[in-house]
Amino acid sequence: MSIFKRLRDLTMSNINAIIDKAEDPIKMTDQYIRDMQEDLEDAEKAVAQQIAIEKKFKQLFEEQEALVKKREEQAHTAARAQNMDLARRALEEKKAAEVKMAEYKTSYDQNKASADNLRGKLDEMRKQLTQMKNKRETLVARYNAAKAQTEINKALNGFSSDTASAGMKRMEEKMMQMEAQAEASNEMSSKGKSLDEEFEKLGKDQAVEDELAALMKQYENKN
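Rules behind the numbers
- Residues numbered from 1 in each chain as written.
- Predicted model: local features only at pLDDT ≥ 70, side-chain atom pairs only at ≥ 80, totals over all residues.
- Heavy atoms only, no water.
- Helix = DSSP H or I, 4+ residues; strand = E, 2+ residues; numbered from the N terminus.
- Buried < 20%, exposed > 50% of the residue type's maximum accessible area, 1.4 Å probe, protein only.
- Contact = heavy atoms within 4.5 Å.
- Areas by Shrake-Rupley, 256 points an atom, 1.4 Å probe, with all protein chains shown as cover.
- Salt bridge = Lys/Arg side-chain N within 4 Å of Asp/Glu carboxyl O.
- Phe/Tyr/Trp six-rings, centres within 6.5 Å; stacked < 30°, edge-to-face > 60°.
- Axes fitted to C-alpha atoms, helices over the stretch in contact; angles between N-to-C directions.
- Parallel < 35°, antiparallel > 145°, perpendicular 65-115°, else oblique.
- Left-handed = near helix turned anticlockwise from the far one by under 90°.
- Nonpolar A, V, L, I, M, F, W, Y, C, P; charged D, E, K, R; others polar.
- Core = buried A, V, L, I, M, F, W, Y, C linked by side-chain atoms within 4.5 Å.
- UniProt positions renumbered as here; feature names shortened; annotations may be inferred.
- Expected span 1.5 Å × (residues − 1).

Now for the overall build of the protein. Counting secondary structure elements, the protein contains 6 helices and 0 strands. Secondary structure elements in the protein, listed N-terminal to C-terminal, are α-α-α-α-α-α. Looking at the protein residue by residue over its 223 residues, the buried ones come to 21%. Within the protein, residue pairs in contact and separated by at least 24 positions form 81% of the contacts whose partners lie at least 6 positions apart. A total accessible area of about 17000 Å² is found for the protein, and carbon and sulfur atoms account for 53% of it.

Below, the structure written as structure tokens:
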């Protein structure tokens with residue numbers, strides 16, 4: 001599989017469409033994140049290798065460039081010394097170095113362009129991976145909100161106001177029945193008192209009345 005296949009095939013628009021149709025968007029998103037992370041790691045290795053090649057040709061080019069300059073200076077030195085053979089050899093090596101320098105320069109330019117292109121694709125992959133991670137957080141929030149709403153709706157569907165009203169009415173009727181039973185029990189208890197209890201109560205009431213009359217009489221002449 002091409003290192004950048006995920007970048008070509010899984011554009012954000014395609015990912016969005018697939019996620020919208022997924023049964024479990026969170027799991028699908030996590031899988032895409034893992035796939036993109038793996039592709040990103042492969043891409044980083046490929047870019048690193050390309051950058052290494054670029055640097056190697058740059059080094060070779062610079063070495064030949066320095067050699068050209070050195071042989072030219074040596075040719076001038078030999079010429080000033082009237083040493084034609086030495087000057088000729090210096091110029092010959094200078095010429096050969098210029099040929100290699102041109103070749104390395106071409107290779108360097110080509111590999112640098114390729115590395116720059118891969119760098120751009122790598123940056124795009126990183127950007128899309130970041131977008132996917134951010135999208136996951138949004139999806140999780142939306143998923144949890146939808147799940148909570150579903151649970152609430154399910155609970156509301158099982159909850160009927162008519163049923164609650166009917167239940168409350170039954171409770172009120174039950175309470176009224178209990179109160180009626182309590183009142184009836186109280187009346188029965190009063191009716192069930194013995195004759196002696198009635199007279200005893202009457203005597204207690206009369207004693208209170210007698211004490212009250214005596215108390216009031218004490219203060220009649222003081223007013």
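Next up on the list: the pattern of salt bridges. Enumeration according to the criterion identifies 12 salt bridges in this entry. In this structure, the salt-bridge partner of Asp-85 is Arg-88, at a minimum N-O distance of 3.1 Å. With a gap of 3 residues between them, Asp-85 and Arg-88 both fall in helix 4 (residues 84-157), about one helical turn apart. Under the relative-accessibility criterion, Asp-85 is labelled exposed at 52%. Here Asp-109 and Lys-105 are joined by a salt bridge, their closest N and O atoms 2.9 Å apart. Here Asp-109 and its partner Lys-105 are both found in helix 4, 4 residues apart, which amounts to about one turn of the helix.

Mapped onto the fold, Glu-54 is located in helix 3 (residues 25-80). Not counting residues up to four positions away in its chain, the partners in contact with Glu-54 are Tyr-108, Asn-111, Lys-112, Ala-115 and Arg-119.

Attention now goes to the packing of aromatic side chains. Aromatic rings considered in pairs are described by the distance between their centres and by the relative angle of their planes. Counted by the stated rule, this structure contains 1 aromatic pair. Ring geometry for Phe-57 versus Tyr-104: centroids 6.5 Å apart, planes at 50°, classification tilted. Placement of the pair is Phe-57 in helix 3 and Tyr-104 in helix 4, with a sequence separation of 47 residues. Overall, Phe-57 belongs to the partly exposed group, its relative accessible area being 23%.

This part takes up the packing of helix 3 against helix 4. As a packed pair, helix 3 and helix 4 sit with axes 6 Å apart at the nearest point and diverge in direction by 160°. One element, helix 3, and the other, helix 4, form an angle in the roughly antiparallel class. The way helix 3 lies across helix 4 gives a crossing that is left-handed. Its residues placed into classes, the contact of helix 3 with helix 4 shows 35 nonpolar, 9 polar and 18 charged.

Let us look at the nonpolar core. Most often, soluble globular proteins have nonpolar side chains that are buried together. Counting 12 residues, the largest nonpolar core is built from Ile-33, Met-36, Leu-40, Ala-43, Val-47, Ile-51, Ala-115, Leu-118, Leu-122, Met-125, Leu-129 and Met-132. Taken together, the elements giving at least two residues each to this core come down to helix 3 and helix 4. Dropping the residues within four chain positions of it, Ile-51 is found in contact with Ala-115 and Arg-119.

Per the UniProt annotation, the sites labelled "coiled-coil region" (unreviewed entry) are residues 26-53 and 87-188. Taken end to end, residues 26-53 comprises 100% helix and 0% strand; its first and last C-alpha atoms sit 41 Å apart.

Its 56 residues give helix 3 an end-to-end C-alpha distance of 81 Å, which sits within 8% of 82 Å, the value for a rise of 1.5 Å per residue. Where helix 3 terminates, the next one or two residues include Gln-82, which has phi positive at roughly 60°.

Here we take up the side chain of Asn-111. Along the polypeptide, Asn-111 turns up in helix 4. Residues contacting Asn-111, with those up to four places away along its chain left out, are Gln-50, Ile-53, Glu-54 and Phe-57.

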